[in-house]
Amino acid sequence: MKHSTLSWCTWGALKSAAPHYTKLLAATFAVVLAVTTALGQSVNLDQAANGPVDAPVDPAVWQNGNVNENQAHYSECQSVGYRAIMNDLPTDGTVIRLTLGYDVAHSDHIALDFLTHYQRLEPHALYGHASETIDPLIGIGVSFGAPSTFPIPAPPSTGSPVPGQPTGSFDEIDPSEKLFTLWGGTILDVQYEDENGNPSFADWANYTTNQQQEITVYFTVTSSTAVLAWGGHIACGLDWGDLSAGGISGSPYHMRILDWNLSNLGNQDRSLSASAVTPVQECTLECPADVELTCDVYNSGAYEIPGPVVNCSLDAVIDITFSDEFSGICPLVITRTYTIDIDGQIGTCTQTITVTDTTAPWATFVPADATYECDEQYSLQDPTFADNCDNNLTVVPSSSTQLS
């Protein structure tokens, strides 16, 4: 068998004849070792799959590939959970730069318009079950301390087809839902930059062609294995109208790991099919008009008070309750407050019901006429009256005549 290595004889001759070869080979060996070590560093991009609507998976599993309606169910305005598992990282204080990319526009529609926390699956009542837990540490096999978090900067909206979006929608979200989370290290900064550290902003004005937004996370690690987690906000029809991508064909929701400063990474792309995304539930709430009733009708109970009217574009779980506050007597004023729960989203309406008395009090007892002698003791009976609205009536004689 032939070998490509130098024989001991040849090695000895080279060593004695040209000592600089020793340095050259030693240096070559060191370079090979460094490259081999670097090649051990890796990043794996996963996306959360919470199972189909009729068979939810809780906690969600992590899919190292594309996801459709058979693996997940999301709705517009929710966020897809993502994680990056990083191995063989340097723990010597090296600042690691990891650049992500996500499609804000795909197939003439708005896809993932900004980033969020990884756990954002509410409202979820439209699916008939509780929202699933997204746990980025499932299957990692490493014990971590408390994670590091860092605020996600507001996304740019210059040139957007809907003025102010997506910045406006992002600003409405609670700060606790706009965080990157890192286990095994400390996040130092997050910027809308490309892999070379240059500012990077999606070209919203050309949303009819695919547009990618790049964002870079800077961090150090104390563990050779670290996990970074975040969410991709599914563009909402409430913000974008017909431009949102829910319900179209294909897989418009793309998240990518583009590059880092450690070794040759290679582009990783994970897509979510639009078939796994429910278009936003669009509901209209029509509050009822005020009502006026007569006492006769009110006391009879033979009436109906119209309540709120809710119309939704999709099936929804709707629950309407009300409470009443009473004031006055004639008229009686009822302030009715409705609480409308539509798939966990709460709305209110206020209605005024006024009960008026249009019927005069009537006599329920009128004493008979009576005749008495002047010196005779007598006792007069008082008449009694009733009223539809007031039970505390005062009887006052309209006239009286004193006889001499």
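These figures come from a predicted structure and were not determined experimentally.

(A) Spotlight on the side chain of Ser169. For Ser169, the position within the fold is in helix α3 (residues 167-172). Judged by its relative accessible area of 7%, Ser169 falls in the buried class. Side chain to side chain, Ser169 and Asp239 meet in a polar contact 2.9 Å long. Ignoring sequence-local partners within four residues, the contact set of Ser169 consists of Phe114, His233 and Asp239.

(B) Local environment of the sheet that holds strand β19 (residues 318-327). Pairing is mixed across the open sheet formed by 4 strands, whose spatial order is β17-β21-β20-β19. Either end of the sheet is taken by a strand with one partner, and the two such strands are β17 (291-294) and β19. Recorded for the sheet is a direction-independent mean angle of 25° between the axes of neighbouring strands. The sheet contact formed by β17 and strand β21 (residues 345-356) spans 4 bridges and is parallel. Pairing of Leu293 across the sheet is with Val355, part of β21.

(C) Fine view of the environment of Asp58. Mapped onto the elements of the fold, Asp58 is located in the loop between β1 (42-49) and β2 (61-63). Residue class for Asp58 comes out exposed when judged on its relative accessible area of 51%. In this structure, the C-alpha to C-alpha distance between Asp58 and Ala130, residues 72 residues apart in sequence, is 9.4 Å. In this view, Asp58 contacts Ser131, Glu132 and Thr133; residues no more than four positions away in its chain are not counted. Of the polar contacts made by the side chain of Asp58, one reaches the backbone nitrogen of Thr133; its length is 2.8 Å.

(D) Region of the structure containing the pairing of strand β13 (residues 253-260). Most of β13 sits out of view: 7 of its 8 residues are buried. Across 5 bridges, strand β5 (residues 96-106) lies against β13 in antiparallel orientation. In the strand pairing of β13, Tyr102 is matched with Met255. Both β13 and strand β14 (residues 268-272) contribute to a ladder of 5 bridges, which runs antiparallel. Counterpart to Arg256 in the pairing with β14 is Asp269.

(E) Spatial organisation of the side chain of Gln351. Position of Gln351 relative to the elements: it lies in strand β21. Separated by 2.8 Å, the side chain of Gln351 and the backbone oxygen of Ala289 make a polar contact. Polar side-chain contacts of Gln351 include one of 2.7 Å to the side chain of Tyr338.

(F) Spatial organisation of the state of the cysteines. A full pass over the atoms with the stated rule returns 2 disulfides. The partner cysteine of Cys77 in its disulfide is Cys236, sulfur to sulfur 1.8 Å. Within this pair, whereas Cys77 is found in the loop between β3 (74-75) and β4 (79-87), its partner Cys236 is found in the loop between β12 (226-234) and α4 (237-240), the two being separated by 159 residues in sequence. On the accessibility criterion, Cys236 (1% relative accessible area) is buried. Note on cysteine connectivity: Cys287 is disulfide-linked to Cys349, with sulfurs 1.9 Å apart.

(G) Region of the structure containing the nonpolar core. Of all hydrophobic cores here, the largest spans 67 residues; its most connected members are Met86, Phe180, Leu228 and Trp230. Judged by nonpolar contacts, the second largest core, of 13 residues, contains Leu293, Cys295, Ile334 and Ile342.

(H) The arrangement of the pairing of β4 in detail. Burial analysis of β4 places 8 of its 9 residues in the buried class, the great majority of the element. By the bridge criterion, 8 bridges tie β4 to β12 in an arrangement that is antiparallel. Residue pairing in the sheet places Tyr82 in a bridge with Trp230 of β12.

(I) Geometry of the packing of aromatic side chains. For the structure shown, the criterion picks out 7 aromatic pairs. With centroids separated by 5.3 Å and ring planes inclined at 85°, the aromatic side chains of Phe114 and Phe170 adopt a geometry described as edge-to-face. Residue Phe114 is found in strand β7 (residues 112-116), and its partner Phe170 is found in helix α3; the two are separated by 56 residues along the sequence. Judged on exposure class, the residue Phe114 and its partner Phe170 are both buried. Put simply, the rings of Tyr82, Phe180 and Trp230 pair up and form one aromatic cluster. Lying over the aromatic face of Phe170, Lys178 brings its terminal NZ or CZ to 4.4 Å of the ring centre.

The rules we used
- Residues numbered from 1 in each chain as written.
- Predicted model: local features only at pLDDT ≥ 70, side-chain atom pairs only at ≥ 80, totals over all residues.
- Heavy atoms only, no water.
- Helix = DSSP H or I, 4+ residues; strand = E, 2+ residues; numbered from the N terminus.
- Buried < 20%, exposed > 50% of the residue type's maximum accessible area, 1.4 Å probe, protein only.
- Polar contact = N/O pair within 3.5 Å; in protein donor to acceptor, adjacent residues only side chain to side chain.
- Contact = heavy atoms within 4.5 Å.
- Pairing = 2+ DSSP bridges.
- Axes fitted to C-alpha atoms, helices over the stretch in contact; angles between N-to-C directions.
- Disulfide = S-S within 2.5 Å.
- Core = buried A, V, L, I, M, F, W, Y, C linked by side-chain atoms within 4.5 Å.
- Phe/Tyr/Trp six-rings, centres within 6.5 Å; stacked < 30°, edge-to-face > 60°.
- Lys NZ or Arg CZ within 6 Å of the ring centre and 35° of its normal.

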